[in-house]
Amino acid sequence: MTINRISRVVLTPVAFADPPLLNVVGVHQPWALRAILELHTDSGLVGLGETYADETHLARLEAVADVLPGHDPYDTHGLYRLVADVLGKETGGAGASFGGMLDVDSAVDTVYSPFEVACLDLVAREADRPVSDLLGGAVRDRVPFSGYLFYKWAGHPGSTDNGPDEWGEALNPDQIVAQAKRMVDGWGFGSLKLKGGVFPPEEECAAIEALRTAFPGLPLRLDPNGAWTPETSIRVAERLAGVVEYLEDPTPGIDAMARVAASTDVPLATNMCVIAFEHLAPAVAADAVQIVLSDHHLWGGLRRSALLAGITETFGMGLSMHSNSHLGVSLAAMVHLAAATPNLTYACDTHYPWKTCSGMAQDVVRPGVLDFTDGSVAVPTGPGLGVELDRDLLGELHERYLSCGVRRREDTVYMRSVVPDFTPNTARW
Ligand SMILES: [Mg+2]
């Protein structure tokens, strides 16, 4: 049998317009960055992956891309060792940081992830089966997502060519409810998450209570990204008990989360204190979190995310899914993974509806495969991930990357260009 080997690797950094969404460390820059990975085989197949595109991460991806030709896409264990070897030769430390909020000790899982996804895409295309079949098969044919609400400014300050967006300002409970109505009317979301950590907790509780009144039947989540002390977190949990389905990262760190968890029956979720396999044992031992948010970009691809799912099931923890600003290749991978993960019972996060600046290309995949109906996306049934690159769109978003000047995500730096004395709000309240 001839083995279809990787013959060529193409890595394309791209940028797309992002609205001024507020969070605990600042505000989203006008342009969000992603890297699109193509693995070509000598038989003409192309496997796709998508990941972060901060310049440090890009350099690591390129170092792996340089040594990948000749590799067998079925050999993902060998790929993992290869990534570890390449990064081990790097100088300057092996850790990785994303968005000013998430830090991991090793970059191996995050660098490995897009290569693994692209290998699985290749293998599944060759087998003429969807990627979900490589993960044990889809247990659901649609994947539900939650509507992701943000406090935001009406537009980016200064002169960028993505001016005021169609969403408008959202700085108080009434404006958050209006934003939620737009999300629910436009996409049909059956649950809602509010990104908090922007205003004092009383204001954010009031926004959640306004959402409860406006949407009596919808599960609600609040995620202040560790903006509160344990004492404040316990007070908020008392106020929102029975109102939220979970509180996400009310306070930073496993120890502080455990203190809060010991004082409330409100489930605590995290994508901040448990973001790598080495965090699981201490979190379980401390009974710090009830729900882990998976993220295949951070946890080392689709099969290592399935491993995470097995661990959370073993220890009686729930499983949800985290999102960063992303494009269609990532969305397709998220949908296949979620479809093939039986215990992923919470609606997944997605930033996808925020790619709505008019008059500009907003994705790199051909449209029509990943449409939202009733807040969910149908699992693609075509071979591989089921999405194809549109070369014109990819070129347009790459040109945008070259011209936009953004080379890493810096929410705090950008916020200080507008509010010079801004400090990140972590554990501030
Ligand atoms: Mg979060």
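Figured I'd write up the structure that's included with this text. (Residues numbered from 1 in each chain as written. Predicted model: local features only at pLDDT ≥ 70, side-chain atom pairs only at ≥ 80, totals over all residues. Heavy atoms only, no water.)

**Notes on the side chain of Thr 350**
Put simply, the test is: Helical segments are the DSSP runs of H or I of at least four residues, strand segments are the runs of E of at least two, and each set is numbered from the N terminus. In protein, a polar contact means a hydrogen-donor-capable atom and an acceptor-capable atom, both N or O and within 3.5 Å, with residues adjacent in sequence counting only if both atoms are side-chain atoms; elsewhere, any N or O pair within 3.5 Å suffices. In what follows, a contact means two residues having at least one pair of non-hydrogen atoms within 4.5 Å.
Topologically, Thr 350 is positioned in the loop between α11 (328-339) and β16 (372-373). Polar side-chain contacts of Thr 350 include one of 2.8 Å to the side chain of His 326. At a separation of 3.0 Å, a polar atom in the side chain of Thr 350 contacts the main-chain amide nitrogen of Tyr 352. With near-sequence residues (within four places) excluded, Thr 350 lies in contact with Phe 145, Ser 146, Tyr 148, Ser 323, His 326, Leu 331 and Phe 372.

**What to know about the environment of Leu 21**
For Leu 21, the position within the fold is in the loop between β1 (6-17) and β2 (22-23). Separated by 149 residues in sequence, Leu 21 and Ala 170 have C-alpha atoms that sit 9.3 Å apart. Apart from the residues lying within four places of it in its own chain, the contact partners of Leu 21 are Gly 26, Val 27, His 28, Phe 150, Tyr 151, Lys 152 and Trp 354.

**Description of the side chain of Lys 152**
Summarising the element assignment, Lys 152 is placed in the loop between β9 (147-150) and α5 (173-187). In this structure the side chain of Lys 152 is engaged in a polar contact, spanning 3.0 Å, whose partner is the side chain of Asp 165. Only 2.8 Å separates the side chain of Lys 152 from the backbone oxygen of Gly 168, close enough to count as a polar contact.

**Overview of the pattern of salt bridges**
Here is the rule we go by: Salt bridges are identified by distance alone: a Lys or Arg side-chain nitrogen within 4 Å of an Asp or Glu carboxyl oxygen. Each residue is placed in one exposure class: buried if its accessible area under a 1.4 Å probe, protein chains only, is under 20% of its type's maximum, exposed if it is over 50%, and partly exposed if it falls in between.
Per the counting criterion, the structure on display carries 20 salt bridges. Arg 239 is paired through a salt bridge with Glu 209; the nearest N and O atoms lie 2.8 Å apart. Taken together, the positions of Arg 239 in helix α7 (residues 230-240) and Glu 209 in helix α6 (residues 201-214) put the pair 30 residues apart, joining distant regions of the chain. A salt bridge links Asp 411 to Arg 409; its shortest N-O distance comes to 2.8 Å. Residue classification places Arg 409 among the partly exposed positions, given a relative accessible area of 27%. A single network of salt bridges, built from pairs that share partners, joins Lys 193, Lys 195, Arg 221, Asp 223, Glu 245, Glu 248 and Asp 349.

**Some words on the packing of aromatic side chains**
How we decide: We call Phe, Tyr and Trp rings a pair once their centres come within 6.5 Å, taking the six-membered ring for Trp, and we label the pair stacked below 30 degrees between planes, edge-to-face above 60, and tilted otherwise. Cation placement over rings: the criterion is NZ of Lys or CZ of Arg within 6 Å of the ring centroid and within 35° of the ring normal.
Taken as a whole, this structure holds 12 aromatic pairs when the rule is applied. Where Phe 145 meets Phe 372, the ring centres are 5.6 Å apart and the plane angle is 65°; that geometry is what we call edge-to-face. Here Phe 145, found in the loop between β8 (142-144) and β9, pairs with Phe 372, found in strand β16; they are 227 residues apart in sequence, far enough to count as distant. Between Trp 167 and Trp 187, the ring centres sit 5.9 Å apart and the planes meet at 15°, which makes this aromatic pair stacked. You can see Trp 167 sitting in the loop between β9 and α5 and its partner Trp 187 sitting in helix α5, a full 20 residues away along the chain. Given the relative accessible area of 9%, Trp 167 is considered buried. Members of the aromatic cluster, joined through ring pairs, are Phe 145, Tyr 148, Phe 150, Trp 167, Trp 187, Phe 189, Tyr 352, Trp 354 and Phe 372. The positively charged end of Lys 355 is found above the aromatic ring belonging to Tyr 352, 4.1 Å away from the centroid. When the ring centre of Tyr 401 is taken as reference, the NZ or CZ atom of Arg 407 above it lies at 4.1 Å.

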